[in-house]
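What follows is the residue order along each chain.
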Amino acid sequence: DAKTTQPPSMDCAEGRAANLPCNHSTISGNEYVYWYRQIHSQGPQYIIHGLKNNETNEMASLIITEDRKSSTLILPHATLRDTAVYYCIVRVYNAGNMLTFGGGTRLMVKP
Amino acid sequence: NAGVTQTPKFQVLKTGQSMTLQCAQDMNHEYMSWYRQDPGMGLRLIHYSVGAGITDQGEVPNGYNVSRSTTEDFPLRLLSAAPSQTSVYFCASRPGGAFGTEAFFGQGTRLTVV
């Protein structure tokens, strides 16, 4: 699996959009970008994934650059409950291998 | 549905003791896995299974055993607990096959070895 690089921490004002970047310059053509988050000490929670097109669901949007070497997770209207560690993971879609977590980005949403 | 259930939620062991962390899922998922998370760190894969009767090692398998006799259950055994195994343990499951995407995690077992 390709490695990812994320900033260790970010702040965001409540109600504003949170834009979390992820670099994955060694990504292969068959590797997807996944985002998970971990609130406090709970189990990680799936957010969204994509291959090369931008994706949106009820939680967030995922913007992947055309060369696929980086991506951005967007929380459109961050709330205090979005304070968490966000993990960007790159992996092959259909492999039997499991998720590999890096250090993630600690997002602090402030009132 | 309960999702992924881990028991116990908290456990204190003495060095050298053995124990089994339980993990059960009711979603009929093929893939199950165990992770550990040390303070301030990301999750590291211990063992995983792609189906009943099939297990494989992850990044940090030493000191742990697993078995998968049923689709639902994937217990993690600590053979002889050491202080270095003090951690939070998470079990996860996800569907197999071409459409397997989202992984579901349990709420964790917080283990302290003294």
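Located above this text is the structure these notes cover.
What you see is a predicted model; the values in this text were computed from it and never measured.

Novice: Before we go on, may I ask you to explain the sheet that holds strand S3 (residues 19-25) of chain B in this structure?
Specialist: Residue and element names in this part refer to chain B. Reading across from one edge, S1-S3-S8-S7 is the order of the 4 strands in this open sheet, with antiparallel pairing throughout. The outermost strands of the open sheet, each flanked by one partner alone, are strand S1 (4-7) and strand S7 (64-66). Across this sheet, the average inter-strand angle for adjacent strands is 20 degrees, counted without regard to direction. As paired elements, S7 and strand S8 (residues 76-78) share 3 bridges and run antiparallel to each other. Paired with Asn-65 across the bridge in S8 is Arg-77.

Novice: What is the right way to look at empty space enclosed by the protein in this model?
Specialist: Space left empty within the atom packing is revealed by a probe, the size of a water molecule, rolled over the atoms. Under the defined criterion, the tally for this structure stands at 1 cavity of 30 Å³ or more. Put simply, the largest cavity is a space of about 50 Å³. What lines the largest cavity is A:Met98, A:Leu99, B:Tyr31, B:Met32, B:Ser33, B:Tyr35, B:Ala92, B:Ser93, B:Arg94, B:Ala103 and B:Phe105. For the lining of the largest cavity, the secondary structure elements donating two or more residues are strand S4 (31-37) and strand S9 (87-94) of chain B.

Thresholds, definitions, all that
- Residues numbered from 1 in each chain as written.
- Chains lettered and ligands numbered in written order.
- Predicted model: local features only at pLDDT ≥ 70, side-chain atom pairs only at ≥ 80, totals over all residues.
- Heavy atoms only, no water.
- Pairing = 2+ DSSP bridges.
- Helix = DSSP H or I, 4+ residues; strand = E, 2+ residues; numbered from the N terminus.
- Axes fitted to C-alpha atoms, helices over the stretch in contact; angles between N-to-C directions.
- 1 Å grid on protein atoms, 1.4 Å probe; cavity = no way out; pocket = protein on both sides within 12 Å on 5 of 7 lines; lining within 4 Å.
- Points joined across faces, edges and corners; volume = space filled by probe spheres on them.

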